[in-house]
Amino acid sequence: MLAWRSALSAEGIDLSIWRIHRKIGMSGGLFASMRLRETGYQIDPERIERLRHLHAAAFKRNSANIQLLPGARELLAYLTHAEIPWAIATSGRIETAPQLLAKLDIDLDRIPIVRRDQVKYAKPDPDLFLAAAARLRVGIETTLVVGDSVWDMLAAQRARALCVGLLSGGYGRDELERAGACRVYEDPADLLRHIDEVGRKRGADA
């Protein structure tokens, strides 16, 4: 959110943090277009592109301060140990995704990563999740999407995947459930503690 606030300010667009937060989770281009339209600012391809680059630069400047959610590494390690195929589908582009992925300490040669610049449309369209399922070579209807925004839930629903919501994105339980979440947990650590509610039990044979 702070990176988008910095980018918008550089373009002379003053928006409060709460307005920015409500669109976090969708693609950067769609985010910028919606915010400009809603606030009455001029929309043109050049400005959208400038905002995207300004956001990427601000994100990189502050990437060292980004903290992983509680249990993020542990949840992914559990899935790997249990031999449950998993992938990462992110609205981030090549300019911003590597900073986040590096913090997860995952094997990028083994784990499928689908970025915004690799699909035609981003959330709330289902392209990211459909591409991730294809990379895993599994049917999308057999997958479980975990996300922390209503845009994740809507995209999962459109892809015909089951979806689980996390409160760590700042959206309320009711909001995530209305958007399609079958279960809602506080963060990855809470999901891992209740993993038997949505998938294979801890300690079960792989």
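In short, a report on the structure. Just so it is clear, the structure is predicted and the values come from calculations on it, not from any experiment. (Residues numbered from 1 in each chain as written. Predicted model: local features only at pLDDT ≥ 70, side-chain atom pairs only at ≥ 80, totals over all residues. Heavy atoms only, no water.)

1. Quick look at the overall build of the chain
Convention followed: We count a stretch as a helix when DSSP gives it H or I for four or more residues in a row; a strand needs E for two or more, and each element gets its number in order from the N terminus. Summary of the burial criterion: residues with accessible area below 20% of their type's maximum are buried, those above 50% are exposed, and those between are partly exposed, where the area comes from a 1.4 Å probe applied to protein chains only. What makes two residues a contact is simply this: any of their non-hydrogen atoms within 4.5 Å. Each accessible area is a Shrake-Rupley result for a 1.4 Å probe, and residues are judged covered by the shown protein chains and nothing else.
Each helix and strand counted, the chain has 10 helices and 5 strands in total. In the chain, which comprises 206 residues, the proportion classed as buried is 45%. Within the chain, contacts between residues at least 6 apart in sequence are counted, and of these 50% link residues at least 24 apart. For the chain, the computed accessible surface area is about 11,100 Å², with 50% contributed by carbon and sulfur atoms.

2. A word on the side chain of Thr143
Applied cut-off: Two N or O atoms count as a polar contact when they lie within 3.5 Å, although within protein this holds only if one can serve as hydrogen donor and the other as acceptor, and sequence-adjacent residues are included solely when both atoms are side-chain atoms.
Looking at the element boundaries, Thr143 is found in the loop between helix H7 (127-136) and strand E3 (144-147). A distance of 2.7 Å separates the side chain of Thr143 from the backbone oxygen of Ile140, its partner in a polar contact. If we ignore the near neighbours within four places in the chain, the residues touching Thr143 are Ala133, Val138, Ala161 and Leu162.

3. Here we look at unusual backbone geometry
Between Lys123 and Pro124 the backbone carries a cis peptide bond, its omega angle lying at 15°. Looking at the element boundaries, Pro124 is found in the loop between strand E2 (113-114) and H7. Positive phi, close to 55°, is recorded for Asp105, a residue that is not glycine. Within the secondary structure, Asp105 is located in the loop between helix H6 (97-104) and E2.

4. Side note on the sheet that holds E3
Definition in use: A strand pair is defined by DSSP finding two or more bridges across the two strands. Angles run from 0 to 180 degrees between N-to-C directions of axes, and those axes are lines fitted to C-alpha atoms, restricted for helices to the stretch in contact.
Strand order in this open sheet of 3 strands is E3-E4-E5, and the pairing throughout is parallel. Only two strands of the sheet have a single neighbouring strand rather than two, namely E3 and strand E5 (183-185). Direction aside, neighbouring strands of the sheet carry axes that sit 25° apart on average. Sitting on the sheet, helix H8 (residues 150-159) is in contact with E3 and strand E4 (162-166), with an inclination near 175° to E4.

5. Description of the environment of Val138
Mapped onto the elements of the fold, Val138 is located in the loop between H7 and E3. The exposure class assigned to Val138 is partly exposed, which follows from its relative accessible area of 30%. If sequence neighbours within four positions are ignored, Val138 has contacts with Ala133 and Thr143.

6. Looking at the nonpolar core
Which entries qualify depends on this criterion: As used here, the term nonpolar core means buried Ala, Val, Leu, Ile, Met, Phe, Trp, Tyr and Cys residues forming a set that is joined through side-chain atoms within 4.5 Å.
Of all hydrophobic cores here, the largest spans 19 residues; its most connected members are Trp86, Ile88, Leu104, Ile106 and Leu191. At the level of secondary structure, the elements contributing two or more residues to this core comprise helix H5 (72-81), H6, E4 and helix H10 (188-193). No other element matches H5, which puts 5 residues into this core. Look past the residues within four positions of Leu191 in its chain and what remains in contact with it is Leu75, Val146, Val164, Leu166, Tyr185 and Val198. Grouped together as the second largest cluster of nonpolar side chains are 17 residues, Phe129, Val150, Ala155 and Ala179 included.

7. Quick word on the pattern of salt bridges
Keep this limit in mind: One side-chain nitrogen of Lys or Arg within 4 Å of one carboxyl oxygen of Asp or Glu is enough to make a salt bridge.
This structure, assessed with the given rule, holds 3 salt bridges. Taking the shortest distance from any N to any O, the salt bridge between Arg115 and Asp117 comes out at 2.8 Å. Given the relative accessible area of 17%, Arg115 is considered buried. Put simply, Lys123 and Asp152 hold a salt bridge, and the shortest N to O gap is 2.5 Å. Here the residue Lys123 occupies a position in the loop between E2 and H7, and Asp152 occupies one in helix H8, the gap between them amounting to 29 residues. Owing to a relative accessible area of 6%, Lys123 belongs among the buried residues under this scheme. The exposure class assigned to Asp152 is buried, which follows from its relative accessible area of 7%.

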